[in-house]
Structure formats: structure tokens, C-alpha cells
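Residue-level listing of the chains:
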Amino acid sequence: MYIYNVTINIEDEVHNEWITWMQKEHIPAMIATGKFSKALMTRVVIDEEMGGTTYSIQYTTESKAMLERYYEENAEELRAESNRFAGKFVAFRTELAVVSEH
């Protein structure tokens, strides 16, 4: 199992609009690709020096190969949909290989 983690700091002025977009549009669109079985959205509990609020969205996928298919077939289009928030967020992505689950 693999987790595709996207960590995002979103500015306060668009925070509420962004949360609604993520929950009602973006995350469902990610799941609808068929590449991910579930998503977990968490708020990072820190006082952010740069302001805004930081979130981690973890998308579970069956394998590295499936994640590569997402990159090839869907990533560009789905990432482009966030252009409405351009300049209002900072994001970085990490891949996590699940070692064990208890």
C-alpha cells in the first residue's frame, strides 16, 4: 500500500472557500480517478509562522505503479483545477510506502 500525501498551507482569506472546494470537488475527483481507495484530510496542529492554516491530505493507493498512473493520466488536469487559488497556497507532495498497519 502507498500513500500520496499533499501538505498545503492555505491563506486565511480563501480558507473557507478552499475547504469547501476540497471536500466537495477536489477530493471526490481524486477518488473518482479510480487510482485511490480513500482520502484522509487532517489539519496540522501548529502555530504557522507564515500565517494561514496547514493541512495534510493523504490519498491511499494500492501501489507505486498505480500512483505513477495517476501522475501520467490525471495529475496535470487535477492540479490545474487549483489555479483558482493561485498565489494563496503553498503545497508540497510526498510519497509514503506503508511498512505495517496495526
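Refer to the structure printed above.
Residue numbers run consecutively from 1 along every chain, following the written order of its sequence. Since the coordinates come from a predicted model, pLDDT governs what is reported: local features require at least 70, and pairs of side-chain atoms require 80 or more to be given and counted, while whole-chain, interface and lining totals use all residues. For side-chain calculations, the full set of non-hydrogen atoms in the structure is used, while hydrogens and water are omitted.

Asker: Help me understand the sheet that holds strand E2 (residues 38-43), please; the structure alone is not making it clear to me.
Answerer: Two modes of strand pairing occur in sheets, parallel and antiparallel, and in both the strands are linked by backbone hydrogen bonds. On the basis of which strands lie adjacent, the open sheet formed by four strands has the order E2-E3-E1-E4 and antiparallel pairing. With one partner strand each, in any of the chains shown, E2 and strand E4 (89-97) form the two edges of the open sheet. When strand polarity is set aside, the average angle formed by the axes of neighbouring strands in this sheet is 15 degrees. When checking whether two residues touch, look at their non-hydrogen atoms; a contact exists if any pair is within 4.5 Å. With axes taken as lines fitted to C-alpha atoms, and helix axes fitted only over the stretch in contact, angles between N-to-C directions fall between 0 and 180 degrees. The numbering of helices and of strands both runs from the N terminus, where a helix is a DSSP run of H or I of at least 4 residues and a strand a run of E of at least 2. Those strands touched by helix H2 (residues 64-80) are strand E1 (2-10), strand E3 (53-61) and E4, and its axis lies near 30 degrees from that of E1. One bridge is not enough; two strands pair if DSSP finds at least two bridges between them.

Asker: Can you help me understand H2 in this one?
Answerer: Residue pairs spaced three or four apart in an α-helix point in one direction, given the helix's 3.6 residues per turn. By this rule, a helix spans an expected 1.5 Å times one less than how many residues it contains. In a regular helix each residue adds 1.5 Å, so 17 residues correspond to 24 Å; H2 covers 23 Å between its end C-alpha atoms and thus fits that length. Roughly 65 degrees is the biggest bend found in H2, and it falls at Asn-74. Burial classification: accessible surface area is computed with a 1.4 Å probe over protein chains only, and a residue below 20% of its type maximum counts as buried, one above 50% as exposed, and the rest as partly exposed. Regarding H2, the residues found buried are Met-66, Leu-67, Tyr-70, Asn-74, Ala-75 and Leu-78. Bend is computed residue by residue as the angle between axes fitted to the seven residues ending at the residue and the seven residues starting at it.

Asker: Sorry, what's going on with the side chain of Thr-7 here?
Answerer: You can see Thr-7 is positioned in strand E1. Residue classification places Thr-7 among the buried positions, given a relative accessible area of 13%. Once residues within four sequence positions are removed from consideration, Thr-7 is found in contact with Thr-54, Tyr-55, Ser-56, Val-90, Ala-91 and Phe-92.

Asker: Would you explain the pattern of salt bridges in this entry?
Answerer: Pairing of side chains with opposite charge becomes possible as their charged atoms draw close. A pairing counts as a salt bridge when a side-chain nitrogen of Lys or Arg comes within 4 Å of a carboxyl oxygen of Asp or Glu. Per the stated rule, a full pass over the model turns up seven salt bridges. One salt bridge in this structure joins Lys-88 and Glu-13, with 2.8 Å as the shortest N-O distance. Pair noted here: Lys-88 is in the loop between H2 and E4 and Glu-13 is in the loop between E1 and helix H1 (15-32), with a separation of 75 residues, a long-range link. Overall, Lys-88 belongs to the partly exposed group, its relative accessible area being 26%. Note that Glu-17 and Arg-84 form a salt bridge whose closest N and O atoms lie 3.6 Å from each other. Linking Glu-17 in helix H1 with Arg-84 in the loop between H2 and E4, this pair joins segments that are 67 residues apart in sequence. For Arg-84, a relative accessible area of 46% puts it in the partly exposed group. One salt-bridge network, in which partners are shared between bridges, spans Glu-17, Glu-25 and Arg-84.

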